[in-house]
There are 2 protein chains.
Amino acid sequence: MERLALFLRRLPGVGPKTAARLAHALYRMSEADARGIAHAIVDMREKTRLCPACGQITEDVPCRICGDPARDSAVLCVVEEPANAQAVERTRAFRGRYHVLHGALSPLDGIGPDQLAIEPLLARLKTGEIKEVILATNPNVKGEATALYLFRLIQPLGLRVSRIATGVPLGGDLEYADEATLARSLRGRRPLDEQTG
Amino acid sequence: MERLALFLRRLPGVGPKTAARLAHALYRMSEADARGIAHAIVDMREKTRLCPACGQITEDVPCRICGDPARDSAVLCVVEEPANAQAVERTRAFRGRYHVLHGALSPLDGIGPDQLAIEPLLARLKTGEIKEVILATNPNVKGEATALYLFRLIQPLGLRVSRIATGVPLGGDLEYADEATLARSLRGRRPLDEQTG
């Protein structure tokens, strides 16, 4: 029981108390359910891998998106983590393909360009199929630094490089936006006809 | 005491319990402090008015911003409420002038164009001094409808009309952005050299 709790604490957001509660829940539930959870974990680890093309978590090689001929192979959306690509995918607003960096630059944590999937990204860009790279790293310190680094690396290749918009969230109120976001929102203003079109 | 509590309930976010607590606090504090609060309320109401030019709350006519020759009179930022103009002002990212609509279009609440300061806005635009109008109404249903309405009204005058950017807030994570905001953030992506410049 204690060994299980110790292992569960390796999950994000699980401290000693939650770990003990989870371990007790796994003890009280039916044998079938407990074995089901354990088996699903092993099964997931056996069946999933990273797509060798884009770095997404997938059961198929290439992944569903890389293998879909209906997707626009001229537009590449670069994200930090597989979960970010899934977030963009849920918007149904993007029909291109993805490239997962598996992190963001963070020199203090020892994460430099070599720790990220940047070489494979450059290799993909050099095939000439991609015309636009959308840098969709998170709009925080590490993500912005990563976007700027990639921009400097990719621009000389003559590709269109764009950055997702930062601004006041939809449904939000100017009064509740932080000052830096509101300043960016003003700086990033666009002619209205473009936006409504 | 009960009469005071009833009046205090007219403040936003103040229910019966908070009103009673505030009334008791006003009873327990020093005579000078209580009279100070009452006097400050009356004083504020006597001394402030709306700037006849921009609609901001002000003690001076014209307001500090309309009267400042260093502000750029060619760029006008249109907002719903005085508090929104103050939010933009806090960013220190805007050097033009403001126009407060005193609300947003909301037909279901009986708020049409005639209930907003739209006629005075058009009168200002027709002086020829203003070259760009930034529609900084809130990025929610009413604010978006108001921006679109104003865009259609102002565009024929040949002015540049822009809308503040909607997107993932600074410091945010793509995973925690709602889908509509993330979709807008993608649609509103910009060439990176423009943004870093």
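Remember, predicted model here, so these are calculated numbers, not experimental data. (Residues numbered from 1 in each chain as written. Chains lettered and ligands numbered in written order. Predicted model: local features only at pLDDT ≥ 70, side-chain atom pairs only at ≥ 80, totals over all residues. Heavy atoms only, no water.)

Enquirer: How should the overall build of chain A be read in this particular structure?
Expert: The helix and strand inventory of chain A stands at eight helices and seven strands. For chain A, buried positions account for 43% of its 197 residues. A total accessible area of about 11200 Å² is found for chain A, and carbon and sulfur atoms account for 55% of it. Within chain A, one finds 27 positive and 24 negative side-chain charges whose respective centroids are separated by 3 Å. (Helix = DSSP H or I, 4+ residues; strand = E, 2+ residues; numbered from the N terminus. Buried < 20%, exposed > 50% of the residue type's maximum accessible area, 1.4 Å probe, protein only. Areas by Shrake-Rupley, 256 points an atom, 1.4 Å probe, with all protein chains shown as cover. Lys, Arg positive; Asp, Glu negative; His and termini not counted. Charge placed at Lys NZ, Arg CZ, Asp CG, Glu CD.)

Enquirer: So what exactly am I meant to see when it comes to the pairing of strand 3 (residues 75-79) of chain B here?
Expert: Note on strand geometry: in a regular strand, side chains alternate between the two faces of the sheet. Residues and elements named next belong to chain B. Counting buried residues in strand 3 gives five out of five residues, a clear majority hidden from the surface. Judged by which residues are buried, strand 3 turns out to be covered on both faces: Val75, Cys77 and Val79 on one side and Leu76 and Val78 on the other are all buried. Across four bridges, strand 3 lies against strand 5 (residues 132-135) in parallel orientation. Note that in strand 5 the partner of Val78 across the bridge is Leu135. Where strand 3 lies against strand 4 (residues 97-100), four bridges are found, and the strand directions are parallel. Each residue of the ladder has a partner; that of Cys77, found in strand 4, is Tyr98. (Pairing = 2+ DSSP bridges.)

Enquirer: For this particular structure, what's the right way to read the relation of the copies chain B and chain A?
Expert: A rotation about an axis combined with a shift along that same axis relates the two copies of the chain. The operation relating chain B to chain A is a screw motion whose rotation component is 180 degrees, with 0.1 Å of axial translation and a residual RMSD of 0.1 Å. Both chain copies can therefore be described as sitting about a two-fold axis. Ranked by how close their C-alpha atoms come to the rotation axis, the residues of chain B are headed by Gly167 of chain B, at 2.1 Å. Comparing interface residues between copies, 100% of those in chain B also lie at the interface in chain A; the contact surface is shared. (Least-squares fit on C-alpha atoms with pLDDT ≥ 70 in both. Contact = heavy atoms within 4.5 Å.)

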